[in-house]
Amino acid sequence: MKWMYLAATAAVGLACAFTTHSNTPTPPKRTGHQPKQSSQGELVKRGQYLVTIMGCADCHAPKKMTPKGPAPDMDRFLSGYNSDIPLGTYDKDLVKTGQWVLFNGQNTAFIGPWGVSFAANLTPDETGIGNWSLEQFNKAMRQGKFRGVDNSRPLLPPMPWPNYTAMTDADMRAVFTYLKSLKPVSNPVPAAIPPAP
Ligand code: HEC
């Protein structure tokens, strides 16, 4: 009798040992409360909000002079450095000292130890991000890759892309969707100029 009892206890113990790992909690039943897919309108609204508070227009919008100072030119909103306007002259010797960086009056061209960089056209024209995929935009914003493609040059200052690496995927999509909803502006921004020797 005693043997039978021992054998039975051992069997129960073994059975438990073998079943514990299958006791992991089963995922809760789907209740139909899935995260809601944002509509196009909601994405555009969220994107507009983000682009505003993140200050993209400070650099990417050409400016119009107003009595209160320069303000974004809404006819060319976010279309980057206006390629119709010559860069203008500047003191190259001052730049060479490395003690100063220069921003043009429109805040769309930037001169420093990196040479001259021009704020990109972010409107959905073919001279802007018209042909870009979300993947490309993501690569430019998170990895600082020019045109958002592998093996391209790193984005130059003062594009603050390292600040944007922690953005959520949902916010990145919203910003991209908003930019794609803008009025396309044809404006081929000049290529960056390398530093003077
Ligand atoms: C302080 C100025 C500044 C701010 C603010 C800024 N940018 Fe830029 N951005 C630049 C400059 C300058 C370039 C061009 C850099 C280069 O040629 O390497 C650039 C380049 C880019 C590019 C790459 C374009 C290309 O053709 O590869 C994207 C995309 C971009 N910016 C999006 C944004 C967005 C979206 C915001 C706001 C969330 C923003 N930028 C805020 C200055 C700025």
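Residues numbered from 1 in each chain as written. Predicted model: local features only at pLDDT ≥ 70, side-chain atom pairs only at ≥ 80, totals over all residues.

Mind showing me how you'd approach helix H2 (residues 40-53) here?
Compared with the 20 Å implied by 1.5 Å per residue over 14 residues, the 20 Å span of H2 between its first and last C-alpha is a close match. Trailing H2 by a residue or two, Gly55 shows a phi angle of about 70 degrees, which is positive. (Helix = DSSP H or I, 4+ residues; strand = E, 2+ residues; numbered from the N terminus. Expected span 1.5 Å × (residues − 1).)

I tried to follow the pairing of strand E4 (residues 109-112) on my own but got confused; where do I start?
On a regular strand, each side chain points to the face opposite its neighbour's, so the side chains alternate between the two faces of the sheet. Both strand E3 (residues 102-103) and E4 contribute to a ladder of two bridges, which runs antiparallel. Residue pairing in the sheet places Phe103 in a bridge with Phe110 of E4. Once E3 ends, the chain turns through five residues before running back antiparallel as E4, passing Asn107 with a positive phi of about 60 degrees. Note: E4 against strand E5 (residues 115-118), four bridges, orientation antiparallel. Bridging from a neighbouring strand, Ile111 pairs with Val116 of E5. The loop that links E4 with its antiparallel partner E5 comprises two residues. (Pairing = 2+ DSSP bridges.)

Just checking my understanding: could you explain the confidence of the model for the protein chain for this structure?
Low-pLDDT stretches of the model should not have their predicted coordinates read in fine detail. Residue-level pLDDT values for the protein chain average 88, and 82% of them are 70 or greater. Low pLDDT, under 50, characterises residues 1-22; the stretch is placed with zero contacts to residues that sit more than four places away or in other chains. (pLDDT = per-residue confidence, 0-100. Contact = placed C-beta atoms within 7 Å.)

What's the story with the sheet that holds E3 in this structure? I'm lost.
Paired through backbone hydrogen bonds, the strands of a sheet run either parallel or antiparallel to each other. If you walk across this open sheet you meet the three strands as E3-E4-E5, and the pairing is antiparallel. At either margin of the open sheet sits one strand with a lone partner, and together these are E3 and E5.

For this particular structure, what's the right way to read the nonpolar core?
Here is a general trend for soluble globular proteins: nonpolar side chains tend to be buried in one another's company. Grouped together as the largest cluster of nonpolar side chains are 24 residues, with contacts concentrated most on Leu78, Ala109, Leu122 and Leu179. Where this core is concerned, the elements lending two or more residues are helix H3 (56-60), E4, E5 and helix H6 (169-180). At five residues, H6 tops the list of elements feeding residues into this core. Apart from the residues lying within four places of it in its own chain, the contact partners of Leu122 are Cys56, His60, Leu78, Gly80, Gly128, Ile129 and Leu179. (Core = buried A, V, L, I, M, F, W, Y, C linked by C-beta atoms within 7 Å. Buried ≥ 20, exposed ≤ 12 C-beta atoms within 10 Å, placed from the backbone.)

Where do I start with the site of the ligand in this structure?
Taken together, 24 residues form the shell around the ligand, and within it Cys56, Cys59, Ala120, Leu156 and Met159 come nearest. Those elements giving two or more residues to the shell around the ligand turn out to be H3 and helix H5 (134-143). No other element matches H3, which puts four residues into the shell around the ligand. Class assignment of the residues belonging to the shell around the ligand gives a composition of 19 nonpolar, three polar and two charged. (Near = placed C-beta within 6 Å. Nonpolar A, V, L, I, M, F, W, Y, C, P; charged D, E, K, R; others polar.)

Can you walk me through the environment of Phe118 in this structure?
Its location among the elements puts Phe118 in strand E5. Along the backbone, Phe118 and Cys59 are 59 residues apart, and their C-alpha atoms lie at a distance of 9.0 Å. The residues contacting Phe118, other than those within four sequence positions of it, are Gly80, Tyr81, Thr108, Ala109, Val189, Pro190 and Ala192.

How do you make sense of the pairing of strand E1 (residues 63-66) when you look at a structure like this?
Summarising the sheet, E1 and strand E2 (residues 69-72) pair through four bridges and their orientation is antiparallel. Opposite Met65, over in E2, you have Pro70 as the bridge partner. Hairpin connection between E1 and E2: a loop of two residues separates the two successive antiparallel strands.

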